[in-house]
Each structure stands twice: as C-alpha cells, then as structure tokens.
Amino acid sequence: MTTMTDTSNAARFREFKMPDVGEGLTEAEILKWYVQPGDTVTDGQVVCEVETAKAAVELPIPFDGVVHELRFPEGTTVDVGQVIIAVDVAPGSGDAAPAPVAVPAPVAEPSEPEAPKGRQPVLVGYGVAESSTKRRARKGATKAVPAAAAAIQGEMNGHATAVPESRPLAKPPVRKLAKDLGIDLATVVPTGEGGIITREDVHAAAKPVPAQAQAPVAAAPVAAEAPAPAVVATAGARETRIPVKGVRKAIAQAMVGSAFTAPHVTEFVTVDVTRTMKLVAELKEDKEMAGVRVNPLLIIAKALLVAIKRNPGVNAAWDEANQEIVQKHYVNLGIAAATPRGLIVPNIKDAHEQTLPQLAASLGELVSTAREGRTSPAAMAGGTVTITNVGVFGVDTGTPILNPGESAILAVGAIKLQPWVHKGKVKPRQVTTLALSFDHRLVDGELGSKVLADVAAILEQPKRLITWA
C-alpha cells in the first residue's frame, strides 16, 4: 500500500541516470565526481566526468537541489540508464528518507520524474526531442559490445576507427545475435529498409573475423563489470595486468574489424619537400594567416584534399551487403591526435570547402581540443579520409590500418635534411616519406598510385595548390 509519505519522498528525491549520447554506446566509466553528498547543485552544473569508448565527457545535472547519494564510486563502469546520483530537490522540508538502494542491473522504465515535455536527458542536459522508442532492459551480466569509436587510432601508425553518425538501427533479436557473436553493430553495413540492420547483415559481418579474434573483444565488457584499479600488480611482480576498457577496448575492436575486413595495400613515396617548408615559413609571416597555426601538416592536408578532388574515386566506402561502392561527395578529414587516454581521430567536417586560413583554424582547434580531452563524440563521427602524422615521433613512415568505412589513410613521416639530387647536383634537401594505405576492393593500384603521386607532386611544387585546385 502506497502512503502519502512514500509519495512525497518519491517527489522529493530525483535521480539522474547515465545518459545515452545517441551514438550507440551502452556504458561509461565514472572518472571523477565533482560533488559529494550534502553539496548544493544547480541546473546545468557539472557533477562528474565519464569516459566512453569515444571520449571523456562532463555530465551536467538537469535540476537544482542537494546531493543525497552517489550511487557508484570513481572507476566504476556503469550501464546507460542506471541511476548514478540522487538529489534532494526539496531540502529542509523534513528528515530525508534513505534513497533507494542501487541495483546492479538497469531497469526497463525510467524511475525519475518526467523531464520537461518533449525533452529527454542527454550528455548536455535536457534538449533532445523526446523519442517514442524505449530501451529494453538487458538480462544477465554480459553486455553488448560498445560501439567502437571510429575516432580512435591504434598506436603510432595511424590505426583509426570511424564513429557512426547515429545509433545503429536494429531489432532486439538482431542486437542479441550481434552480442552473442561479438559483433559491433556500428561496423555493420545495414541492408534493411530505412537503414535497419538485419540478421543477414550481422552474419555477413561475422564471417571475416576469426573466432579467436572475437573472443577477447566479447569478453572485455565482462572484465570491466566490477570496479578495478587501472593497474593490477604486486611488489616485485614480473607482470602487470591492465583492464581493457574505454579507449583501449575500442582500439582493439577497430583493429580486428578493419584488418580482417578490408584487403589493405600500402604504397610509399619519398619526396623533396624543401619548397613546402619555404612556403610554410612565408605563410607564418603572412597577415592573412595571423592568429592561426601554420605548419607542414596544413599544406599536407590541403594537398590531400586537392588530390581527392582530382581523383574522387578514392573518397568512397564499400557496401558489402548491397555490393555497392558508396561515393562520398564531401570530405570529412580525420586528423590523428595524441591524448593522455590514447590516440583519437576527430575530423574536420566538409574540409574540402575550406580556404587555407579556415583549414588552419580548424586544425588548430581540433588539436587543442583533443589534447585537453574535450573532443566530443560528434567531432569524431563521420570521417571519410584520415591523415596520421607519425613523423612527430621521429619515424620515417608506417603502414596505417584503415578506418572501418573509409578507403584510404595517409601516413606522413619525419621531415629530415638528406642528400638529394637537385638540378643535377647532390644537395642537402628537406625530405619525407609518405605512405598511403587503401582498400583494394574499391581502389585499384592505379587510382591509389595517382592519389599518392598527386600529394607528393604538390608537396614538391606547392604552386600546384593553385594550378590544380
């Protein structure tokens, strides 16, 4: 029997759940709490920082009150939809009743009071139009494999992953099948009506991946179920065990998915970039470039965009289910950026439409935001072609692995002063090595060679940025 006291307590205490960012994510790790029980909070105040497979994000509370209970400690991986904090929205109205005890599994229906009509909680508070679709409760301890961030890159040689534009569409039985097979729905090409992923799509995605490669990926969420220290070791130990979660888990998923799906071909070219380096020095003094960072990467990025314009067939994706090549008429240029949590690949939307000063500004903002750990999932979504600058680590080049869903990735090696035959004489020149990996299903050797040769030709003679643009 429900009493008046029970009803008043339910109205007094509001619960805030782990939000769904709309990118197909199923869990996030609580990195840091910024509030403690007894602290006063206001609508829009950041209460904690969480890390998903895509990025670290700060969560604002969508109402005023006094913190009554934190449901999970720092370092805990929490499912989307689970209550993480309870707030007393009517402090001073009597003795506070104990908040409900946290349970390990998420409930099917929201238990917090209804949000303002037409809006639902997301990572940035209330603001997304209400959806009629409700998340079904998951049973058991095993969770679906989180959508891998395509924006995440593997180690030093440009292993990037594409982030899906939106949460993959699939019916519950298909999601269960994908979970059982260890398939990330974000990497599956949909063939159903309206972009819905079918059972056949999941089976098709599972075929190229060996069982031994799937097992570690499927097991990773279970290992992260309980809070665990970042490093497990004892004094004098000969080994250290590090839990696989967050960015590292997404990197592993991406590498397995890409390496066993797309037949990679990598071509190399060594080029004299002395004139490009002179252009960089001149642009730094140009008043039109004031306030933006000018470096060789800027010219390399512009060179790749021009090469894609001259060879548009390289800017495409392979649709296995429909046996179609999807030609992209826009370029979202991904740039690998090193962060404390690993390498990620945010991208510049519609980079092909930007002038050189605009591209410089976009590159500067992208890199600074990434290094501060504030890159949003949206900034890492929808890349079409990627550049990874492994030269900053002092290496000559690499063989980068493709982003799933993309057909090409360019690796740039270190620029070094080397002996070079110039105008019939051996002279010291600024030289670098470029490597282009491409998907041989849709990019023939001729097309891949033309793209790489065009980039090299522009860097050797930067005036081609004008004559070829």
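**Some remarks on the overall build of the protein chain**
- When its secondary structure is counted, the protein chain shows 10 helices and 24 strands.
- Out of the 469 residues belonging to the protein chain, those deemed buried represent 47%.
- A total of about 22,600 Å² of accessible surface is found on the protein chain, and carbon and sulfur atoms cover 56% of it.

**Observations regarding the pairing of strand 23 (residues 416-422)**
- Sheet analysis places strand 23 next to strand 24 (residues 425-439), joined by seven bridges and oriented antiparallel. Bridging from a neighbouring strand, Trp-420 pairs with Lys-427 of strand 24.
- A loop of two residues connects strand 23 with strand 24, the two strands running antiparallel in sequence, and Lys-423 in this loop sits at a positive phi of about 55°.

**With respect to the pattern of salt bridges**
- Taken as a whole and judged by the stated rule, the model has nine salt bridges.
- Across the salt bridge formed by Arg-441 and Asp-439, the nearest N and O atoms sit 2.8 Å from each other.
- Put simply, Lys-450 and Glu-446 hold a salt bridge, and the shortest N to O gap is 3.3 Å. Of the two residues, Lys-450 and Glu-446 are both situated in helix 9 (residues 445-460); the distance of four residues between them amounts to about one turn of the helix.
- Among the residues examined, Glu-446 registers a relative accessible area of 55% and is labelled exposed.
- Residues joined by salt bridges that share partners form a network here, namely Glu-15, Glu-69 and Arg-71.

**Digging into the side chain of Thr-386**
- Mapped onto the secondary structure, Thr-386 falls in strand 21 (residues 385-388).
- In terms of polar contacts, Thr-386 uses its side chain to reach the side chain of Glu-406, at 3.1 Å.

**Observations regarding the nonpolar core**
- Membership of the largest hydrophobic core comes to 48 residues, with the highest contact counts inside it found for Leu-298, Leu-304, Leu-333, Ile-387, Leu-410 and Leu-434.
- It is helix 7 (residues 296-310) that provides the largest number of residues to this core, a total of 11 residues.
- Excluding residues within four positions of it along the chain, Leu-333 makes contact with Ala-301, Leu-304, Leu-305, Pro-346, Asn-347, Ile-348, Ala-351, Val-385 and Ile-387.
- Counting residues in each nonpolar core, the second largest holds 21 residues, with Phe-16, Trp-33, Cys-48 and Val-50 among its members.

**Some words on the environment of Arg-310**
- By secondary structure assignment, the location of Arg-310 is in helix 7.
- The spatial distance from the C-alpha of Arg-310 to the C-alpha of Lys-450 is 9.1 Å, given a sequence separation of 140 residues.
- If we ignore the near neighbours within four places in the chain, the residues touching Arg-310 are Asp-454 and Trp-468.
- Separated by 3.0 Å, the side chains of Arg-310 and Asp-454 make a polar contact.

About the criteria used
- Residues numbered from 1 in each chain as written.
- Predicted model: local features only at pLDDT ≥ 70, side-chain atom pairs only at ≥ 80, totals over all residues.
- Heavy atoms only, no water.
- Helix = DSSP H or I, 4+ residues; strand = E, 2+ residues; numbered from the N terminus.
- Buried < 20%, exposed > 50% of the residue type's maximum accessible area, 1.4 Å probe, protein only.
- Areas by Shrake-Rupley, 256 points an atom, 1.4 Å probe, with all protein chains shown as cover.
- Pairing = 2+ DSSP bridges.
- Salt bridge = Lys/Arg side-chain N within 4 Å of Asp/Glu carboxyl O.
- Polar contact = N/O pair within 3.5 Å; in protein donor to acceptor, adjacent residues only side chain to side chain.
- Core = buried A, V, L, I, M, F, W, Y, C linked by side-chain atoms within 4.5 Å.
- Contact = heavy atoms within 4.5 Å.

None of this, on its own, says anything about what the molecule does.
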